[in-house]
Amino acid sequence: MATVNTDAWDKDTSLGKTVFTLVVSGLECIAGTVGNGFITAVHGAEWARGKRLPTGDRILVLLSLSRLLLQIWMMLENVLSLLFRSSYNQNTVYTLFKVVIMFLNYCNLWLAAWLSVFYCLRIATFSHPLFFMMKRKMVGLMTWLVWLSVLLSFCFSIPFCKDTFYVHVNNSIPVPVSNSTGKTYFSETNVANLALLYNLGIVLPLSMFILAATLLITSLRRHTLHMQTSATGSRDASRQAHMGAIKAISYFLVLYVFNAVVLLLSMSNILDTNSYWNIFCKVIMAAYPSGHSVLLILSNPGLRRAWKRLRHLANHYLEGQTL
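Just so you know, these numbers come straight off a predicted model, no measurement behind them.

A probe matching the size of a water molecule, rolled over the atoms, marks out where space remains unfilled. Reported here for the second largest pocket is a volume of approximately 270 Å³. Every residue lining the second largest pocket is counted, 14 residues in all, and those nearest its centre are L121, M134, L211, A212 and L215. Among the elements of the structure, α4 (91-123), α5 (129-157) and α6 (191-227) are those that each provide at least two residues to the lining of the second largest pocket. Grouping the constituent residues of the lining of the second largest pocket by class yields 13 nonpolar, one polar and no charged.

Encoded structure:
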């Protein structure tokens, strides 16, 4: 069995590292909570009023809701792991946090992949018969496919409960440069199980996202090149919109792949608990859902308008409070 073992002293993390991790991840969590909460509230309110949402907006609501839960859960884990180690390093608690994080990340990866596939099928233009067939059949089945992917995320997360993560505490380890003893936390990860389960759960949504994003970028770029013959009027505005969409999708693609790699590194425990690389992974994992939510708001005209209205109302309220 291939395992990775790490250990950390009860007071091994410096105050500076603790404060930096909590402040940076906390700010990212606040930004992500505001962004994803805003998207969920805007479309969720319409959904709750009985208004039929387009398929893309329904996927967006579920994606934002899962990211909202993910960021709250990751922030809770950061607080417990850095400030309340004795509670966090109970085997049941430690495993619970890891399994829930895997489930929420799987949901995020799947929902982001389906959102990319949906936009690809709706926007991209290709003459291949297979693309027309997928465009005709998959859009209608998208809601069922989304719920199926949530079920798959749950099924792929459950095996992490057993024989993958283990942690225990030794209260009698001599403290270096001291005559006393202190608590040392030993965490063990079965890398073989983790790599197998992680890859099984991520390979399909990752492949779908990369393929759909690549096809969409190719289609938009080809369409943009056709419009370059005219640089004025509506054609120029349309070309600028296409270029903005290409940039946004490219950013999504980089964030998606980068987050998938960092998630594997973080969950495998191959990085020392108190190392700067481990802190970097925590920061990146918190940055992905918040950064993606900001990009979604900026790239969606309806959400942009709703955000401007919210800002106007907030400014009007604050001005009234100062009078």
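Right, let's get into the side chain of S157. By secondary structure assignment, the location of S157 is in helix α5. Of the residues examined, S157 reaches a relative accessible area of 2% and is grouped as buried. Look past the residues within four positions of S157 in its chain and what remains in contact with it is V99, M102, F103 and Y106.

The next point concerns the pattern of salt bridges. A full pass over the atoms with the stated rule returns one salt bridge. Between K98 and E77 there is a salt bridge, with the nearest N and O atoms lying 3.6 Å from each other. Of this pair, K98 sits in helix α4 while E77 sits in helix α2 (residues 55-83), and the two are 21 residues apart along the sequence. Comparing K98 with E77, the two get one shared label, buried.

A complete count under the given rule lists two cavities of 30 Å³ or more for this structure. Reported here for the second largest cavity is a volume of approximately 30 Å³. Along the walls of the second largest cavity sit S25, C29, Q71, M74, M75, N78 and A286, which together make up its complete lining. Among the secondary structure elements, those contributing two or more residues to the lining of the second largest cavity are α1 (15-48) and α2. Here the lining of the second largest cavity gets four residues from one element, more than from any other, and that element is α2.

With that out of the way, let us pick up the nonpolar core. Counting residues in each nonpolar core, the largest one holds 61 residues, and the members touching the most others are W114, V117, M142 and F209. Listing elements by their share of this core, those giving two or more residues are α1, α2, α4, α5, α6, α7 (233-268), α8 (276-299) and α9 (301-322). The greatest single-element share of this core, amounting to 16 residues, is contributed by α4. Every residue in contact with F209, bar those within four places of it in the chain, is listed here: A112, A113, S116, F252, L253 and Y256.

What follows concerns the packing of α1 against α8. Where α1 meets α8, the axes come as close as 8 Å, and the angle between the chain directions of the two elements is 20 degrees. When the axes of α1 and α8 are compared, the pair comes out roughly parallel. Note on packing geometry: the crossing formed by α1 with α8 is left-handed. In contact with K17, F20, T21, V24, S25, E28, A31, G32, G35, N36, F38 and I39 of α1, α8 contributes Y276, I279, K282, V283, A286, A287, P289, S290, S293, L296 and I297. Among the residues making up the contact of α1 with α8, the classes are represented as 13 nonpolar, seven polar and three charged.

Below, the discussion takes up the confidence of the model for the protein chain. Across the protein chain, pLDDT averages 76, with 76% of residues at or above 70. The lowest-confidence element of the protein chain is strand β1 (residues 3-9), averaging 48 in pLDDT; the highest-confidence one is α4, averaging 86. Of the regions scoring below 50 in pLDDT, residues 177-182 engages in 14 contacts with residues more than four places distant in sequence or in other chains.

Taken together, the side chains of R304, R305, K308, R309 and R311 define a basic patch exposed on the protein surface. Tracing the backbone shows K308 in helix α9.

Another aspect to go through is the side chain of E77. Among the residues examined, E77 registers a relative accessible area of 6% and is labelled buried. In contact with E77, not counting residues within four places along its chain, are Y88, F97, K98 and I101.

Before going further, it helps to spend a moment on α8. An ideal rise of 1.5 Å per residue puts 34 Å on 24 residues; α8 measures up with 33 Å between its terminal C-alpha atoms. The principal kink in α8, of about 30 degrees, is found at A287, preceding the proline P289 by one to four residues.

For the structure on display, the rule yields six aromatic pairs. Pairing Y106 with F156 gives two aromatic rings, centres 6.4 Å apart and planes at 65 degrees, and the pair type is edge-to-face. Of this pair, Y106 sits in helix α4 while F156 sits in helix α5; the two residues are 50 residues apart in sequence, bridging distant segments of the chain. What makes Y106 buried here is its relative accessible area of 1%. Using a relative accessible area of 23% as the deciding quantity, one classes F156 as partly exposed.

Taken together, the side chains of L15, V19, V23, L27, I30 and V34 make up a nonpolar region of the molecular surface, amounting to roughly 580 Å² of accessible area. Assignment of secondary structure puts I30 in helix α1.

The rules behind these values
- Residues numbered from 1 in each chain as written.
- Predicted model: local features only at pLDDT ≥ 70, side-chain atom pairs only at ≥ 80, totals over all residues.
- Heavy atoms only, no water.
- 1 Å grid on protein atoms, 1.4 Å probe; cavity = no way out; pocket = protein on both sides within 12 Å on 5 of 7 lines; lining within 4 Å.
- Points joined across faces, edges and corners; volume = space filled by probe spheres on them.
- Helix = DSSP H or I, 4+ residues; strand = E, 2+ residues; numbered from the N terminus.
- Nonpolar A, V, L, I, M, F, W, Y, C, P; charged D, E, K, R; others polar.
- Buried < 20%, exposed > 50% of the residue type's maximum accessible area, 1.4 Å probe, protein only.
- Contact = heavy atoms within 4.5 Å.
- Salt bridge = Lys/Arg side-chain N within 4 Å of Asp/Glu carboxyl O.
- Core = buried A, V, L, I, M, F, W, Y, C linked by side-chain atoms within 4.5 Å.
- Axes fitted to C-alpha atoms, helices over the stretch in contact; angles between N-to-C directions.
- Parallel < 35°, antiparallel > 145°, perpendicular 65-115°, else oblique.
- Left-handed = near helix turned anticlockwise from the far one by under 90°.
- pLDDT = per-residue confidence, 0-100.
- Patch = residues over 30% accessible without salt bridge, like charges linked within 9 Å, V, L, I, M, F, W, Y side chains within 5 Å.
- Areas by Shrake-Rupley, 256 points an atom, 1.4 Å probe, with all protein chains shown as cover.
- Lys, Arg positive; Asp, Glu negative; His and termini not counted.
- Charge placed at Lys NZ, Arg CZ, Asp CG, Glu CD.
- Expected span 1.5 Å × (residues − 1).
- Bend = angle between axes of the 7 residues up to and from the residue.
- Phe/Tyr/Trp six-rings, centres within 6.5 Å; stacked < 30°, edge-to-face > 60°.

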